[in-house]
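Letter by letter, the chains look like this.
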Amino acid sequence: MNAPTTLARVRQHLVQLKLACALEVLDDTMDRVEQGQLSVLEAIDILLNDECANRETRRIKAARMTARLTQVKTLESFDFSFQPSLDRNRILTLAQLGFIERHQSVHFLGPPGVGKSHLALALGMEAIKSGKSVYFTTLTDLITSLTKAEREGNLVNRVRYFNRAAVLIVDEVGYLPVSPSGANLFFQLVNARYEKGAMILTSNRGFKDWGEIFGDNVIAAALLDRLLHHAIVIEIEGNSYRLREHAELVPESMQGKRQEGIKPPPKRRGRPRKATAYTDQ
Ligand code: ADP
Ligand code: MG
């Protein structure tokens, strides 16, 4: 008569503690204990394990929503053999996330379709799994958001919001030109994050084009000064994965391959900063 009462109380406690997963497997697990298939310790292990696994899944889901990582891209689903110019070990080292601790900027450069966004999203996912906060945006969306905040007198809070993420991913730098005021706002954010938080940027344009992208050489130089210090630059020189089955339909001049001017600009003049630009991990 004792066991059913105890079981009912355990069930009640699991409800009270909101341990829904453990509750779900309780009856089945206790049946297996009674049949001698499991020890009591193994039963406790199963209950806790299911609960923890479920919580971790929920945590990751919520963190992905906050980070706006709506597309699920992983390193496991990235076919390195398709991109021989890419050093797999360099990417796997990045996935150990030391660049986050060191507040470094990671640049993925290359023509469309070579996997820049995929890798940025996959690193974001690794960061989330290890408990880091992430925020994913395109440069255009980021500037739109900062512009709106400035108009509403809320820029300081908005910059603070973007700075809260341990990793800020800015996708698609260079696809669309940026207005001078947009460039200025982006600089304010980059400057506020400088040496305080990691960033991942993707671009189809070389650094030499940044003056054109941001409509101003002075602001572009100031941006690059921050974003190339402690930076890890990964160039991808291959073909578009999107076009892998239809490459022959696209004129050769429009296919990615090697990009002109994607190399970083010469080092800045004057007193050097603490470390050289382009330091690798
Ligand atoms: P980019 O940002 O360089 O323009 P994406 O990262 O958006 O390119 O890649 C385009 C599409 O191809 C995405 O769906 C991406 O997941 C996929 N993709 C690109 N490269 C690879 C690869 N090497 N292995 C698997 N999928 C890839
Ligand atoms: Mg992309």
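For the structure given in this document, a descriptive report is provided here. Computed from a predicted structure; not experimentally measured. (Residues numbered from 1 in each chain as written. Chains lettered and ligands numbered in written order. Predicted model: local features only at pLDDT ≥ 70, side-chain atom pairs only at ≥ 80, totals over all residues. Heavy atoms only, no water.)

**With respect to the site of ligand 1**
Lining the immediate surroundings of ligand 1 are 15 residues, of which Lys73, Asp79, Gly113, Lys116 and His118 lie closest. The separation between an oxygen atom of ligand 1 and a polar side-chain atom of lysine 116 is 2.8 Å. For ligand 1, whose accessible area on its own is 550 Å², the fraction buried by protein is 87%. A majority-of-atoms criterion places ligand 1 in the largest pocket. Residue composition of the shell around ligand 1, by class: six nonpolar, five polar and four charged. (Near = heavy atom within 4 Å. Polar contact = N/O pair within 3.5 Å; in protein donor to acceptor, adjacent residues only side chain to side chain. Areas by Shrake-Rupley, 256 points an atom, 1.4 Å probe, with all protein chains shown as cover. 1 Å grid on protein atoms, 1.4 Å probe; cavity = no way out; pocket = protein on both sides within 12 Å on 5 of 7 lines; lining within 4 Å. Sits in = over half its atoms within 2 Å of the grid points. Nonpolar A, V, L, I, M, F, W, Y, C, P; charged D, E, K, R; others polar.)

**Describing the layout of surface pockets**
Of the pockets and cavities examined, the largest pocket occupies roughly 500 Å³. In terms of lining residues, the largest pocket is bounded by 24 residues, among which Gly113, Gly115, Ser117, His118 and Arg242 are the most central. Of all the secondary structure elements, the ones that give two or more residues to the lining of the largest pocket are α6 (116-129), β2 (134-138) and β3 (167-173). Here the lining of the largest pocket gets four residues from one element, more than from any other, and that element is α6. Partitioned by chemical class, the residues of the lining of the largest pocket number eight nonpolar, nine polar and seven charged. For the second largest pocket, the calculated volume is near 430 Å³. Every residue lining the second largest pocket is counted, 19 residues in all, and those nearest its centre are Val10, Leu26, Met30, Ile44 and Leu47. The set of elements that each furnish at least two residues to the lining of the second largest pocket consists of α1 (2-16), α2 (20-34) and α3 (40-67). At eight residues, α3 tops the list of elements feeding residues into the lining of the second largest pocket. Here the residues of the lining of the second largest pocket are counted per class, giving 15 nonpolar, one polar and three charged. (Points joined across faces, edges and corners; volume = space filled by probe spheres on them. Helix = DSSP H or I, 4+ residues; strand = E, 2+ residues; numbered from the N terminus.)

**Some points on the environment of tyrosine 135**
Of note, tyrosine 135 is situated in strand β2. Placed 30 residues apart in sequence, tyrosine 135 and alanine 165 show a C-alpha to C-alpha distance of 5.9 Å. Those residues in contact with tyrosine 135 that sit more than four places away from it in its chain are Thr66, Ala67, Arg68, Arg158, Tyr161, Phe162, Ala165, Val167, Leu168 and Ile169. (Contact = heavy atoms within 4.5 Å.)

**Focus: the sheet that holds β3**
On the basis of which strands lie adjacent, the open sheet formed by five strands has the order β2-β3-β4-β1-β5 and parallel pairing. Either end of the sheet is taken by a strand with one partner, and the two such strands are β2 and β5 (231-235). With strand direction ignored, the average angle separating the axes of adjacent strands in the sheet is 15°. Relative to strand β4 (residues 198-203), α6 is tilted by about 160°, and along the sheet it contacts β1 (105-109), β2, β3 and β4. Sheet strands touched by helix α7 (residues 139-151): β2 and β3. Its angle to β2, the strand with the most contacts, is close to 100°. (Pairing = 2+ DSSP bridges. Axes fitted to C-alpha atoms, helices over the stretch in contact; angles between N-to-C directions.)

**Remarks on α2**
If you check α2, its first and last C-alpha atoms are 22 Å apart, about what 15 residues at 1.5 Å a residue would give, namely 21 Å. Within α2, the axis deviates most sharply at leucine 26, by approximately 45°. Three or more residues of α2 are buried, namely Cys21, Ala22, Val25, Leu26, Thr29 and Val33. After α2 finishes, the residue glycine 36 shows a positive phi value of roughly 75°. (Expected span 1.5 Å × (residues − 1). Bend = angle between axes of the 7 residues up to and from the residue. Buried < 20%, exposed > 50% of the residue type's maximum accessible area, 1.4 Å probe, protein only.)

**Some thoughts on the pattern of salt bridges**
Within this structure, the stated rule accounts for ten salt bridges. The partner of lysine 208 in a salt bridge is aspartate 209, with the nearest N and O atoms 3.0 Å apart. By relative accessible area, aspartate 209 is classed as buried at 13%. Through salt bridges with shared partners, a single ionic network connects Arg205, Lys208, Asp209 and Glu212. (Salt bridge = Lys/Arg side-chain N within 4 Å of Asp/Glu carboxyl O.)

**What about the packing of α3 against α6?**
A pair of packed helices can be characterised by two numbers: the angle between their axes and the separation between those axes. Contact pair α3 / α6: the axes reach a minimum separation of 10 Å and the direction vectors enclose 130°. On the basis of the axis angle, α3 is oblique to α6. Seen along the crossing, α3 lies across α6 with a hand that is right-handed. Residue-level contacts link Glu56, Arg59, Ile60, Ala63, Arg64 and Ala67 of α3 to Met125, Ile128 and Lys129 of α6. Residue composition of the contact of α3 with α6, grouped by class: five nonpolar, no polar and four charged. (Parallel < 35°, antiparallel > 145°, perpendicular 65-115°, else oblique. Left-handed = near helix turned anticlockwise from the far one by under 90°.)

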